[in-house]
Amino acid sequence: MPTNNTEIEKRLWGAADELRANSRLRSSEYSAPVLGLIFLRYADHKFAHAEREIKAKQATTATDRRHRPITRDDYHARGVLFIPEAARFEHLVQLPEGENIGRAINDAMKAIEADNPDLRGILPKTYNRMDNATLVSLLRMFSSIRMDLEGDVFGKIYEYFLGKFAMGEGQRGGEFFTPTSIVKLIVEIIEPYHGRILDPACGSGGMFVQSARFVQRHQQNPSAEISIYGQERVAGTVRLCNMNLAVHGLEGDIRQGNTYYEDIHRSLGKFDFVMANPPFNVNRVDKDRLKDDPRFPFKPPRADNANYLWIQIFYSALNGTGRAGFVMANSAADARGSELEIRKKLIQSGAVDVMVAVASNFFYTVTLPCTLWFLDRGKSGTDRHDRVLFLDGRHTFTQVDRAHREFTPAQIEFLANIVRLYRGREPETTQGSADLMAEHFPDGVYQDVPGLCKVATLEEIEAQGWSLNPGRYVGVAEREEEDFDFAERLQELHEGMEVLNPEAHELEERIAENVAQLLDSLR
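So, here's what we can say about the structure. (Residues numbered from 1 in each chain as written. Predicted model: local features only at pLDDT ≥ 70, side-chain atom pairs only at ≥ 80, totals over all residues. Heavy atoms only, no water.)

**Structural notes on the overall build of the chain**
Turning to step 1, where the next piece is worked out: Scanning the chain from terminus to terminus reveals 19 helices and eleven strands.
Turning to step 2, where the next piece is worked out: Split into buried and exposed, the 523 residues of the chain put 51% on the buried side.
Turning to step 3, where the next piece is worked out: Considering only contacts within the chain whose residues lie at least 6 apart along the sequence, 71% involve residues at least 24 apart.
Turning to step 4, where the next piece is worked out: If you sum the accessible surface of the chain, you get close to 25,200 Å²; carbon and sulfur atoms cover 48% of it. (Helix = DSSP H or I, 4+ residues; strand = E, 2+ residues; numbered from the N terminus. Buried < 20%, exposed > 50% of the residue type's maximum accessible area, 1.4 Å probe, protein only. Contact = heavy atoms within 4.5 Å. Areas by Shrake-Rupley, 256 points an atom, 1.4 Å probe, with all protein chains shown as cover.)

Okay, here's the thing in structure tokens:
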């Protein structure tokens, strides 16, 4: 019976977190070195496996002539990092405790970068700040990971630790980590089977990792099917992303830069897929620097808020058949003024395909709900060209603990299947969504379900003031009176208020404008 990898992740995290608690280090000081050791353990494992294969091949082709020496090029040809002897994990584990372990690990990281130029400047080298006892414990702990476990073990451990560090680091954690179930839903809806993928706010690279897993799950090789391009403002986060890709056996072009002002990948019309979780409601972006930037075809908004800058960056990066999926603040779906004008033009372009409302408490740093936007520039020639699917996922989640929620695999598949039916595709049921599909779509074809989903025409959206808030369209599920539950009814009333509040705000603005015009006429 295979070992439960989730239990391994929890056990390792518990041990690592106990070590941190007994040190003088903050979570932000501890995270990069620990993730670096997970990376090193993974790289060492791959190196040892390749070494056995290379030596076995040499043995089967033995001749009287001497074998040529094995070089780092032999490993690189197999897509494996070359690990010099002084950087081997076992060598570090066997060092006497009297040695300066921090300096030895720093030297190991430098040696790996020297022999693998693609990693130059990426690996952490701050181990000298940690005491010997903590480092020895960490080395022994990661050395205990069995090599015969199934699946992407090291990648899942790295991902698990990333999430835990993000939770511990509060606001900064939200800058580099998007909850995995949110990322998986985005990937399942945009379906990145093949092509170029861009994340211009890539954080630690979760969108890329889940895209690769999607490709693998559909029996294809991610390295052959997808090309990865990322941009990130913070240098330390760029390093996290590159290590995350490497520990999952992936490569990508990840650059440091401020996406508002720098289009490092020359993205205009270039990408098949764009995925992102950008920072919400950023202000004080210098719009004078954006005046002639072709990435903003609908012009920058007058409001001091970057949400509609990001939305245009995603839209303009797509090629003629490209799809985008991204996380956005709820307020963007109903924003007024110049942002409404941009949203109207975007809707009229036919690119807006699916809008998904997500419940609160999915993110580690904010409790507010969010909305997932999906664009599809290839739907213009389909029967969906003048329609948008609105999905209310606020009742679809599982409670992880008192403060956090997530989607289960079955729930992700169910929500993605609604989109598949809307697109005229067959649903998938490998993740356990069959019962949910039978309950809501017994005939196996799309239908509007009150409280869950609604396909709206452009005329209906115009009648709602060009709002993209799913709550305005899907309504509330019908319930029999004997099924009355106070908490559920209160939640329904709260959802109704979320719809009415923007309308009230709109009325306030109109009244203010009318009063201002009246006063002007009296002067």
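Having seen the model, we can carry on.
**Looking at the nonpolar core**
Turning to step 1, where the next piece is worked out: One finds Tyr 30, Leu 35, Ile 105, Leu 138, Phe 142 and Phe 161 to be the most contacted residues of the largest nonpolar core, which totals 56 residues.
Turning to step 2, where the next piece is worked out: Every element with two or more residues in this core is listed here: α1 (5-21), α2 (27-60), α4 (89-93), α5 (101-115), α6 (132-143), α7 (153-168) and α12 (235-247).
Turning to step 3, where the next piece is worked out: Membership of the second largest hydrophobic core comes to 51 residues, among which are Ile 182, Ile 254, Leu 389 and Phe 441. (Core = buried A, V, L, I, M, F, W, Y, C linked by side-chain atoms within 4.5 Å.)

**Describing the pairing of strand β7 (residues 370-376)**
Turning to step 1, where the next piece is worked out: Most of β7 sits out of view: seven of its seven residues are buried.
Turning to step 2, where the next piece is worked out: Burial along β7 is two-sided: Cys 370, Leu 372, Phe 374 and Asp 376 facing one way and Thr 371, Trp 373 and Leu 375 facing the other are all buried.
Turning to step 3, where the next piece is worked out: Bridging between strand β5 (residues 318-329) and β7 involves seven bridges; their strand directions are antiparallel. When the sheet's bridge partners are listed, Ala 324 is paired in β7 with Leu 375.
Turning to step 4, where the next piece is worked out: In this sheet, β7 lies alongside strand β6 (residues 352-358) in antiparallel orientation, the contact comprising six bridges. (Pairing = 2+ DSSP bridges.)

**Regarding a nonpolar patch on the surface**
Turning to step 1, where the next piece is worked out: A contiguous nonpolar surface patch, about 260 Å² in accessible area, is contributed by Ile 511, Val 515 and Leu 519.
Turning to step 2, where the next piece is worked out: With respect to the helices and strands, Val 515 occurs in helix α19 (residues 486-522).
Turning to step 3, where the next piece is worked out: Residue Val 515 is classed as partly exposed on the basis of its relative accessible area of 43%. (Patch = residues over 30% accessible without salt bridge, like charges linked within 9 Å, V, L, I, M, F, W, Y side chains within 5 Å. Salt bridge = Lys/Arg side-chain N within 4 Å of Asp/Glu carboxyl O.)

**Examining the pattern of salt bridges**
Turning to step 1, where the next piece is worked out: Following the criterion strictly, the structure yields 27 salt bridges and no others.
Turning to step 2, where the next piece is worked out: Two residues, Arg 88 and Asp 44, come together in a salt bridge whose shortest N-O distance is 2.6 Å. In this pair, Arg 88 sits in the loop between α3 (72-76) and α4 while Asp 44 sits in helix α2, placing the two residues 44 residues apart along the sequence.
Turning to step 3, where the next piece is worked out: Taking the relative accessible area as the measure of exposure, Arg 88 reaches 14% and is therefore buried.
Turning to step 4, where the next piece is worked out: We note a salt bridge from Glu 51 to Arg 88, for which the minimum N-O separation is 3.9 Å. Taken as a pair, Glu 51 in helix α2 and Arg 88 in the loop between α3 and α4 lie far apart in primary sequence, 37 residues in all.

**Comments concerning empty space enclosed by the protein**
Turning to step 1, where the next piece is worked out: The tally for this structure, following the rule as stated, stands at four cavities of 30 Å³ or more.
Turning to step 2, where the next piece is worked out: There is about 80 Å³ of room inside the second largest cavity.
Turning to step 3, where the next piece is worked out: Around the second largest cavity, the lining residues are Glu 159, Leu 162, Phe 177, Thr 178, Thr 180, Val 183, Gly 206, Val 209, Gln 210, Asn 244 and His 248.
Turning to step 4, where the next piece is worked out: Counting residues per element, the lining of the second largest cavity draws most heavily on helix α10 (residues 206-217), which supplies three residues.
Turning to step 5, where the next piece is worked out: Each residue belonging to the lining of the second largest cavity can be placed in one class, and the counts come to four nonpolar, six polar and one charged. (1 Å grid on protein atoms, 1.4 Å probe; cavity = no way out; pocket = protein on both sides within 12 Å on 5 of 7 lines; lining within 4 Å. Points joined across faces, edges and corners; volume = space filled by probe spheres on them. Nonpolar A, V, L, I, M, F, W, Y, C, P; charged D, E, K, R; others polar.)

**A look at the pairing of strand β9 (residues 398-401)**
Turning to step 1, where the next piece is worked out: Looking at chain direction, β9 and strand β10 (residues 404-406) are connected through three bridges and run antiparallel. Looking at the pairing, Thr 398 lines up with Glu 406 of β10.
Turning to step 2, where the next piece is worked out: Hairpin connection of β9 to β10: two residues between the antiparallel strands.

**Regarding the sheet that holds β6**
Turning to step 1, where the next piece is worked out: With mixed pairing, the nine strands of this open sheet are ordered in space as β3-β2-β1-β4-β5-β7-β6-β8-β11. Each edge of the sheet is formed by a strand with only one pairing partner; in this case those strands are β3 (253-256) and β11 (453-457). Strand-to-strand twist in this sheet, taken as the mean axis angle between neighbours without regard to direction, amounts to 15°.
Turning to step 2, where the next piece is worked out: Relative to strand β4 (residues 271-276), strand β1 (residues 195-199) runs parallel, the two sharing two bridges. Residue Ile 197 lies in a different strand from β4, and its bridge partner there is Phe 273.
Turning to step 3, where the next piece is worked out: Contacts from helix α9 (residues 180-190) reach β4, β5, β6 and β7 within the one sheet, and its direction differs from that of β5 by about 155°.
Turning to step 4, where the next piece is worked out: In the packing of helix α13 (residues 307-317) onto the sheet, contacts are made with β1, β4, β5 and β7, and the angle to β5 comes to roughly 155°. (Axes fitted to C-alpha atoms, helices over the stretch in contact; angles between N-to-C directions.)

**With respect to the packing of aromatic side chains**
Turning to step 1, where the next piece is worked out: Scanning the entire structure with this criterion turns up 17 aromatic pairs.
Turning to step 2, where the next piece is worked out: With a centroid separation of 5.2 Å and 90° between ring planes, the pair formed by Trp 13 and Phe 161 is classed as edge-to-face. Here Trp 13 is found in helix α1, whereas its partner Phe 161 is found in helix α7, with 148 residues between them in sequence. Each member of the pair Trp 13 and Phe 161 is classed as buried.
Turning to step 3, where the next piece is worked out: Within the aromatic cluster, the residues linked to one another by ring pairs are Tyr 260, Tyr 261, Tyr 308, Trp 310, Phe 314, Phe 326 and Trp 373. (Phe/Tyr/Trp six-rings, centres within 6.5 Å; stacked < 30°, edge-to-face > 60°.)

**Side note on the packing of α9 against helix α15 (residues 409-422)**
Any two packed helices are characterised by how steeply their axes cross, that is the angle between the axes, and by the distance between the axes.
Turning to step 1, where the next piece is worked out: Between α9 and α15, the least distance of the axes is 9 Å, while the angle of their chain directions is 25°. On the basis of the axis angle, α9 is roughly parallel to α15. Where α9 crosses over α15, the handedness of that crossing is right-handed. Counting all contacts with α9, which are made through Ser 181, Lys 184, Leu 185, Glu 188 and Ile 189, the residues of α15 involved are Ile 412, Leu 415, Ala 416, Val 419 and Arg 420.
Turning to step 2, where the next piece is worked out: Looking at the contact of α9 with α15, its residues break down into six nonpolar, one polar and three charged. (Parallel < 35°, antiparallel > 145°, perpendicular 65-115°, else oblique. Left-handed = near helix turned anticlockwise from the far one by under 90°.)

**Let's talk about the side chain of Arg 472**
Turning to step 1, where the next piece is worked out: Structurally, the position occupied by Arg 472 is in helix α18 (residues 471-474).
Turning to step 2, where the next piece is worked out: Judged by relative accessible area, Arg 472 falls into the buried class, the value being 12%.
Turning to step 3, where the next piece is worked out: Within polar-contact distance, the side chain of Arg 472 engages the backbone oxygen of Gln 464 at 2.9 Å. (Polar contact = N/O pair within 3.5 Å; in protein donor to acceptor, adjacent residues only side chain to side chain.)

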